[in-house]
Amino acid sequence: MKPNSSMTGGSYGTKIADLYIVHNLAAVGGGSRHTYHAMPPVGWMNDPNGFNEAFGKYHLFYQFYPYGPSWDSMHWGHYTTQDFVKWKLEPTALAPDGPDDSDGCFSGSSVVKDGKLYLIYTSVMGDRQTQSLAVSSDGVRFEKLGVVIPSDLLPKECLKTDFRDPKVFRRGKFYYLLAGSMSEKGEGMILEYRSEDLFAWEFVGVLRRDDLTTRGIYECPDLFECGGKDVMLASPQGYATDDWRFENVQSSIYMVGKLNAEKGEFKKEYEDEIDGGFDFYAPQTMKTKDGRVVMIAWMQMWQRFFPTAKHGWTGSMILPRELTLKNGRLYQAPVREIERYRWNPIHFNNVKIGSRNELTKVSGTKIELLFTLDLGDAKRVGIKFYQKGEHDARVYYDREKDRVIFDRSRMGLEITHDPDEKDASVRSVKVSTEGNLLSMRIFLDVSSCEVFLNGGERTMTGNVYAEGDGISFFAEGGSAKIVSLEKYDIVV
Ligand code: FRU
């Protein structure tokens with residue numbers, strides 16, 4: 001990743017940040033750096049922000065603290081890409097150096113209006129959170145325009161301290177804005193505002209009010225249309241665990257339903273967790289010009305131990321995913337552009353799986369694997385990866401539990417976590433095993449693993465810090481079979 005040659009100009013805070021990046025890039029590294037995922041050039045990354053298409057490319061902004069690998073006063077870092085796979089570092093877009101945001105430029109979104117790219121973000125001053133605008137006519141340098149939704153536009157029952165993460169979209173003659181909030185009683189809420197020009201906003205309604213099952217607010221709301229439905233996303237803090245769902249300290253959920261934007265009402269038909277793994281938060285979507293809904297999310301989790309911090313960086317993004325609805329349920333597929341980076345194809349068919357099967361040339365840490373398992377009569381059947389000696393991570397089907405399990409407890413390193421989280425080493429999901437078959441598509445990128453089950457029926461995302469490149473299949477308590485397998489190196 002090289003600094004962009006146009007890293008001059010910008011506000012005082014962004015200039016300092018860019019100088020710091022240029023001088024410290026070389027010091028950041030370590031064995032865990034990804035190759036085809038967006039990561040901070042130095043320092044800390046959390047939520048994706050302002051994900052959009054403008055000026056002939058895709059823009060990804062993100063919550064950024066350049067000066068160290070832990071969360072601190074928030075900037076907006078900036079990447080652009082043509083294909084969601086190769087990321088070009090751009091000058092820092094926002095720094096907390098304005099009169100309304102000196103304690104942070106928190107998460108938000110972007111919108112293109114009259115040929116300009118507007119950023120809508122949460123400006124933080126002390127314990128007050130308001131929503132502000134910034135604008136750019138070249139997609140590189142941003143000028144702050146100040147607060148557009150002050151605290152007095154909040155309903156009386158809402159806390160001024162927790163009002164953030166504006167997501168703007170257009171419907172008819174209005175721009176609508178969703179923001180996370182919380183009532184004085186502690187109910188997490190999603191609020192809707194509207195405006196004709198992005199500057200003058202009015203409150204419309206409450207799209208979601210929680211019955212005190214979260215321990216905080218609904219962070220990072222998002223909304224898109226798909227197959228005649230509206231799908232609302234949100235990241236509630238401390239959402240109550242429901243059997244195998246919502247096991248992380250902070251969860252990300254989707255709600256399928258219908259938005260009545262004029263009235264400020266969302267009629268929910270179905271709700272579920274978006275990703276059943278360990279490291280997935282604050283997803284944000286954009287609609288591409290070719291009609292796809294593409295989602296990106298932070299591939300980390302709050303209140304955990306971050307093993308990469310010792311190498312000067314923390315946090316990265318998932319490989320963006322295309323979203324669709326099938327029978328009212330969310331399906332996720334990796335962006336199709338990733339297939340342009342496939343090299344060295346390997347194929348296998350009809351391989352019986354014993355207690356340990358290694359297949360010739362099926363190994364590596366920057367790879368894509370696609371396979372279908374015939375689950376046979378095995379009690380447990382699956383795959384181990386990042387394997388070396390005793391250490392590995394594994395994803396397998398457990399017949400007794402009837403779940404797919406992602407187990408990273410043997411990676412040789414413990415991820416400490418929030419006391420409210422039961423562990424940070426095993427997650428499970430339930431998927432169809434019709435015909436006794438299960439398919440997996442797995443992406444490994446040095447220290448990450450993204451699993452798409454049954455063509456995206458469910459996904460499991462997690463970072464894995466075991467450093468081996470071994471891959472093996474295993475069946476326990478019976479036999480099973482790999483019906484077919486493809487493996488590719490991903491080379492960017
Ligand atoms: C979510 C979040 C947002 C906030 C941002 C601060 O991860 O807590 O609610 O805007 O991170 O970095």
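For the structure itself, look to the data block above.
Residues numbered from 1 in each chain as written. Predicted model: local features only at pLDDT ≥ 70, side-chain atom pairs only at ≥ 80, totals over all residues. Heavy atoms only, no water.

Novice: So what's going on with the overall build of the protein chain? Which residues, and what values?
Specialist: Helix and strand content of the protein chain: one helix and 32 strands. In terms of C-alpha radius of gyration, the protein chain reaches 22 Å, essentially the compact-globule figure of 23 Å for 492 residues. Judged by the C-alpha coordinates and their principal axes, the protein chain covers about 65 × 50 × 45 Å. Summarising the internal contacts of the protein chain: among those between residues at least 6 apart in sequence, 60% fall at separations of at least 24. Of the roughly 18400 Å² of accessible surface on the protein chain, 48% is carried by carbon and sulfur atoms. (Helix = DSSP H or I, 4+ residues; strand = E, 2+ residues; numbered from the N terminus. Rg over C-alpha atoms; globule rule 2.2 N^0.38 Å. Contact = heavy atoms within 4.5 Å. Areas by Shrake-Rupley, 256 points an atom, 1.4 Å probe, with all protein chains shown as cover.)

Novice: Quick rundown of the nonpolar core? Include the residues and the values.
Specialist: In this structure, Leu-60, Phe-224 and Tyr-254 are the most contacted members of the largest nonpolar core, which totals 47 residues. The set of elements that each furnish at least two residues to this core consists of strand S1 (43-54), strand S2 (57-65), strand S13 (218-226), strand S14 (229-236), strand S15 (253-260), strand S18 (293-298) and strand S20 (321-326). In terms of residues, this core owes the most to one element, S18, which gives five residues. When residues of this core are assigned to domains, at least three map to each of domain 1 (12-334) and domain 2 (342-490). Not counting residues up to four positions away in its chain, the partners in contact with Tyr-254 are Val-231, Met-232, Leu-233, Tyr-270, Glu-271, Asp-272, Glu-273, Ile-274, Arg-329 and Leu-330. (Core = buried A, V, L, I, M, F, W, Y, C linked by side-chain atoms within 4.5 Å. Buried < 20%, exposed > 50% of the residue type's maximum accessible area, 1.4 Å probe, protein only. Domains from an automatic or database assignment.)

Novice: Break down helix H1 (residues 12-24) for me, with residues and values.
Specialist: Taking 1.5 Å per residue, 13 residues should reach 18 Å; H1 reaches 18 Å between its end C-alpha atoms and fits that length. Residues of H1 that are buried: Gly-13, Thr-14, Ala-17, Asp-18 and Ile-21. End-on, the buried residues of H1 take up no more than an arc of 130°, which puts them together on one face. In H1, the exposed residues that point more than 90 degrees away from the buried face are Tyr-12, Leu-19 and His-23. Contact partners of the buried residues in H1: S2, strand S3 (75-81) and strand S4 (88-89). (Expected span 1.5 Å × (residues − 1). Arc of directions from axis to C-beta.)

Novice: Tell me about the packing of aromatic side chains, and please be specific about residues and values.
Specialist: What describes a pair of aromatic rings is the distance from one ring centre to the other and the angle between the planes of the rings. Under the definition given, this model contains 28 aromatic pairs. Arranged with centres 5.0 Å apart and planes meeting at 70°, the rings of Phe-278 and Phe-406 form a pair that is edge-to-face. Placement of Phe-278 in the loop between strand S16 (265-273) and strand S17 (281-287) and of Phe-406 in strand S26 (residues 403-407) is noted, with a sequence separation of 128 residues between them. On the basis of relative accessibility, which here comes to 0%, the residue Phe-278 falls in the buried class. A network of ring pairs unites the aromatic residues Trp-44, Trp-298, Trp-302 and Phe-306 as a single cluster. Just above the ring of Trp-313 sits the side chain of Arg-33; from NZ or CZ to the centre is 4.8 Å. A cation over a ring is seen here: Lys-326 above Tyr-331, with NZ or CZ 4.4 Å from the ring centre. (Phe/Tyr/Trp six-rings, centres within 6.5 Å; stacked < 30°, edge-to-face > 60°. Lys NZ or Arg CZ within 6 Å of the ring centre and 35° of its normal.)

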